[in-house]
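Understanding the architecture of this molecule
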Amino acid sequence: MATGVKELPLPVLPDSWTAEKDFKAIGTLSDPVQRNIEPVGPHFLAHARRKRHKRTFSEDDRIQAQENVKKVEDDDSGEISEPEDPLMLQRDAKDWKGQDHYAVLGLSKYRHRATEDQIKRAHRKKVLRHHPDKKAAAGNTEDDSFFKCIQKATEILLDPVKRRQFDSVDEAADVDPPSKKQAKGKDFYKLWGNVFKSEARFSKIQPVPQLGNDKSTKEEVEHFYNFWYNFDSWRTFEYQDEDVPDDNESRDQKRHIERKNANARKKKKVEDNARLRKLVDDCLASDERIKRFRQEEHAQKNKKRFEREAEAKRQAEEAAKAKEEEARLKAEKDAADKAEKAESKKAKEAAKNAAKKNKRVIRGAAKDGNYFCGTETASPAQIDSALNDVDAIIAKLDVDELAALTGKLNGKKDVADIKEIFTTEVKRLVDAGKFKDGELKSLS
Amino acid sequence: MSEEESPRVAIGISFGNSYSSIAHTTPEGKAEVIANEEGDRQIPSILSYVEGEEFQGTQAKAQLVRNSKNTVAYFRDFIGQNFKSIDPTPCHQSAHPIEHENTIAFKIKDTEAEEENIVSISEITTRHIKKLVASASDFLGKPVTAAVVTVPTNFSDVQKHALKQAAEAAGVEILQFIAEPVAAVLAYDARSTAEIKDKVIVVADLGGTRSDVAVIASRGGMYSILATAHDYDFSGSHLDTVLVDHFAKEFLKKHKSASDPRLNARSLAKLKLESEAVKKALSLGASANFSVESLSDGLDFTATVNRSRYDLLASKVFAGFTRLVLGAVGKADLDPLDIAEIVLAGGTSHTPKIATALQNAFPESTSVLAPATSVTALNPSELAARGAAIQASLVAEFETEDVEQSTHPVVTVTPHLATAIGVLCLSSNESQARFSLLVDRATPVPVRRTKVFPTPREGGDVLVRLVEAVAEIKITAPAPRTKNRDEQDVDGEEESESEESEEEEEHRELVWRPTKTIAEAAVRGVKKGGRVEVQVNVGAGLECSLLVREVGGKGGVRGEVRGR
Ligand SMILES: Nc1ncnc2c1ncn2[C@@H]1O[C@H](COP(=O)(O)OP(=O)(O)O)[C@@H](O)[C@H]1O
């Protein structure tokens, strides 16, 4: 059955989930705690019936059950026991302001750290021992003055306001600051650490950052000093007030003392703040870590500068190198360009020369071919026409065609062959549309 | 049950240092506190002897003024103790305890003869129980032969044994001792309207000379005490003292030359009795009258005090109670948010301000069961006796041996879960998932718990992931308010303090953090709008089985996880 509260839905099964028979055992339940069920109520009776059903328990079972069970009652023995100073036992309760309430209850080593529970238990312990009826039973006189001291100490320590007032002036909990000489090396952290541990009790803000050690980080140390320079203290000085007369007669006197007390409290508070500030100043002044952090910071700065300079140098060098390289590449390129140019000029010239030579060969061939007049003797007009036509052909041919034509004509002496070659060439040129058919009279 | 079958007539007895109560269960099974011949349901645990005649209760209490030496009061805690380990303080104004033959005794004139007799603590106890039982027998019309008696959780076996013998000498068989705070819880759980739920209950038993707190895990109607605290510095008598001092000062203000009534035993006794009466009246009314004839130097004194004045005068004691309860919660490693109920028991719990102060110190989710904070609260003075009567009705027919066997640690000491178990809802991704509790920590095993869960809107395949989880407190700081800091006053300490108290409180809530996966199971093909039932069974050896199935569907998946 679902309860009144609306339940949230179960999650969708992830796609990747698989298990044999759709069940996976993954872990085991944590170790149980053996506890006592109170043998009370109808549900317990059912439990007892189930547990005892057809079973006998061995003596061993019985002993074990008692031994393993988690205890819920406090063990009152021990813990708070401290020898009682015989002088303290003779105290007069009337002088309660001068009494060390913690010592009276046997809580000297706990002081402001004693819990309310400890105070109550210490009180009870002392009452059991010092109640006047106990003393009377032991044949002592019915002197209840120390018993009254116990009651007063308890009254103050169980009242949070009064306890703070007493803790404010509890010199026994103070730890004196070490001298410069004492607080050297490792002892610095121990001695000053204890001072701040003790002062920390007055802080409204808890927990209070502690001094740490030579492994503390710069942040920790800075946090520590910042905290202590802004310390917010609850310390008050009412406890040292002068008693205000209780009777109604001396009203002026009463007011006067009240005013005096108020001023004294304020003054003490100011002095206490100054005291703490000096304490922190002194500790800071001889804190090696601060020096070290400064040196480290300095070194860090130098290191940074070195690095920066090295980097600049490296960059300059790199730039110079890059420039050099660029120049080198440019020179190489220029040289190559020049060579190429020369090369191509040479080639052009060679081609030109070749073309000239070829032209000469072609012209010579026209002569060798008897100016295309067969076996007849060529007339000057015929010669002129043939030479003009040959020049027209040459003008239409590019270097390669010249070379090809030259190749064909080379060594040819037969007049008909020569004419045939020229005619073919003309025909090719006519086909290529460079001449009109019959344009060259001598070769038609 | 008929009388022929059960010759035992068993009642419940709450035997306190200040008051005792007797209770029985009606044929309908309802627990009821019995009034004695004088009409008292809270019978002062006091015996007084006047010329050989024995008085008990209210009549004996009245003797504290004139016949304090022959009046024995506040003796319950002395039973079974030696003189070294008792605190005689409460007996300051009655017969003082003395050491006698390794036990404690009182030197009183309890016969007509002139000389004093030494009467042992056992004898006093026997006489007191005899009177209580006689009142019960009178009321029931048949002789009471047996009882269940409540004792504090720190009552030792030696003390119980001594009390048992003293009762036997009075002709009463003690069937069982039960712890006072547990009796109080039983009184609440035995109501017909009660719903048995898993919860943590704090019982604050604020009595006359001591205050006791117990933090109790209630699991399926079974109770396990997680922590206790005992206090002798904040109790009802300290509230009496507040009023004693107040009225003494008022008296001296009025009669400037009269002597302080606190310094004269008889005056102090009158002052105390009347102060207690005023204190009780202030639990009901807005003001109360104090009136004592011949308080001191033959002067009569009457005065009135209203509740707000009283609340102010007693504020330190009230604050002490609150700290005590908070301290006990801390001792159990719990947070106020873990506490479902505070049961206020004991006479002092009638005080309205104590209940409201506790309600303020705890979150709203904690209900404070006291007359001032709950209309359904039972009478705090009757809880222990009623619980004892219910237990008496449960075990009355058992063989003595049977009760002894069943209450032995071999039966009562049981493994309890160290960590809560539940399933993840909403998402299989732990950071988004929400833990839903099945079995809370401190639950005794074996245990079975079943819960039904909805499924995603479209149904389909769902994952049941059984995990352990721990409860943690999540604190959300209030949104910072920008304050007007223009007027930085010089002597404004008080002002800045009140400003602080006005500041909004941080928000605290309990969140579960899954710590360990125990098992996973799939329920496939859940129909749209279908629901899945998850049942977990944890065995005595911490082995655990999981059964998941669609409600109304067939089959389901079952699996086992091995124990430790
Ligand atoms: N109505 C009431 N209002 C306030 N205090 C009460 C009231 N009734 C009883 N008390 C106080 O409760 C204390 C007794 O509590 P109880 O639980 O009966 O005692 P104990 O456990 O010490 O026997 C006494 O101090 C008594 O004055």
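Residues numbered from 1 in each chain as written. Chains lettered and ligands numbered in written order. Predicted model: local features only at pLDDT ≥ 70, side-chain atom pairs only at ≥ 80, totals over all residues. Heavy atoms only, no water.

**Focus: the overall build of chain B**
From N to C terminus, chain B includes 13 helices and 28 strands. By its C-alpha atoms, chain B is 90 × 85 × 40 Å across when sized along the principal axes. Counting across all 564 residues of chain B, residues that qualify as buried make up 54%. Distance between charge centres in chain B, computed from 61 positive and 81 negative side chains, equals 5 Å. (Helix = DSSP H or I, 4+ residues; strand = E, 2+ residues; numbered from the N terminus. Buried < 20%, exposed > 50% of the residue type's maximum accessible area, 1.4 Å probe, protein only. Lys, Arg positive; Asp, Glu negative; His and termini not counted. Charge placed at Lys NZ, Arg CZ, Asp CG, Glu CD.)

**Some details on the sheet that holds strand β27 (residues 544-550) of chain B**
All names here are of chain B. A sheet is described by the order of its strands in space; here four strands give the open sequence β23-β26-β27-β28, paired in antiparallel fashion. Strand pairing shows two members of the sheet lacking a second neighbour, β23 (447-454) and β28 (557-561), which therefore form its edges. Taking the axes of each pair of neighbouring strands and ignoring which way they run, one obtains an average angle of 15 degrees across the sheet. Sheet topology note: the β27/β28 ladder contains five bridges and is antiparallel. Paired with S545 across the bridge in β28 is E560. (Pairing = 2+ DSSP bridges. Axes fitted to C-alpha atoms, helices over the stretch in contact; angles between N-to-C directions.)

**A few points about the packing of helix α14 (residues 399-409) of chain A against helix α15 (residues 415-431) of chain A**
Residue and element names in this part refer to chain A. One can describe the packing of α14 onto α15 by two numbers: an axis separation of 10 Å at closest approach and a directional angle of 155 degrees. What the angle tells us is that α14 and α15 run roughly antiparallel. The crossing of α14 and α15 is right-handed. On the side of α14, the interface is formed by E401, L405, K408 and L409, while α15 contributes I418, I421, F422, E425 and R428. (Parallel < 35°, antiparallel > 145°, perpendicular 65-115°, else oblique. Left-handed = near helix turned anticlockwise from the far one by under 90°. Contact = heavy atoms within 4.5 Å.)

**Some remarks on a positive patch on the surface**
Residues and elements named next belong to chain A. Where like charges cluster on the molecular surface, the positive patch consists of K348, K352, K356, K357 and R360. Residue placement: K352 occurs in helix α12 (residues 288-368). For K352, a relative accessible area of 57% puts it in the exposed group. (Patch = residues over 30% accessible without salt bridge, like charges linked within 9 Å, V, L, I, M, F, W, Y side chains within 5 Å. Areas by Shrake-Rupley, 256 points an atom, 1.4 Å probe, with all protein chains shown as cover. Salt bridge = Lys/Arg side-chain N within 4 Å of Asp/Glu carboxyl O.)

**Things to note about α12(A)**
Residues and elements named next belong to chain A. For α12, which comprises 81 residues, the first-to-last C-alpha distance of 116 Å matches the rise-based estimate of 120 Å (1.5 Å per residue) to within 8%. In this structure, the buried side of α12 is in contact with α9 (186-199), α10 (218-229), α11 (251-285), α13 (380-396), α14 and α15. Positive backbone phi, approximately 55 degrees, marks N370, located one or two places after α12. (Expected span 1.5 Å × (residues − 1).)

**Observations regarding the packing of helix α1 (residues 58-66) of chain B against helix α6 (residues 265-284) of chain B**
Residues and elements named next belong to chain B. Between α1 and α6, the least distance of the axes is 7 Å, while the angle of their chain directions is 145 degrees. Facing K61, L64, V65 and R66 of α1, the residues of α6 in contact are R266, A269, K270, L273 and E276. Partitioning the contact of α1 with α6 into residue classes produces four nonpolar, no polar and five charged. (Nonpolar A, V, L, I, M, F, W, Y, C, P; charged D, E, K, R; others polar.)

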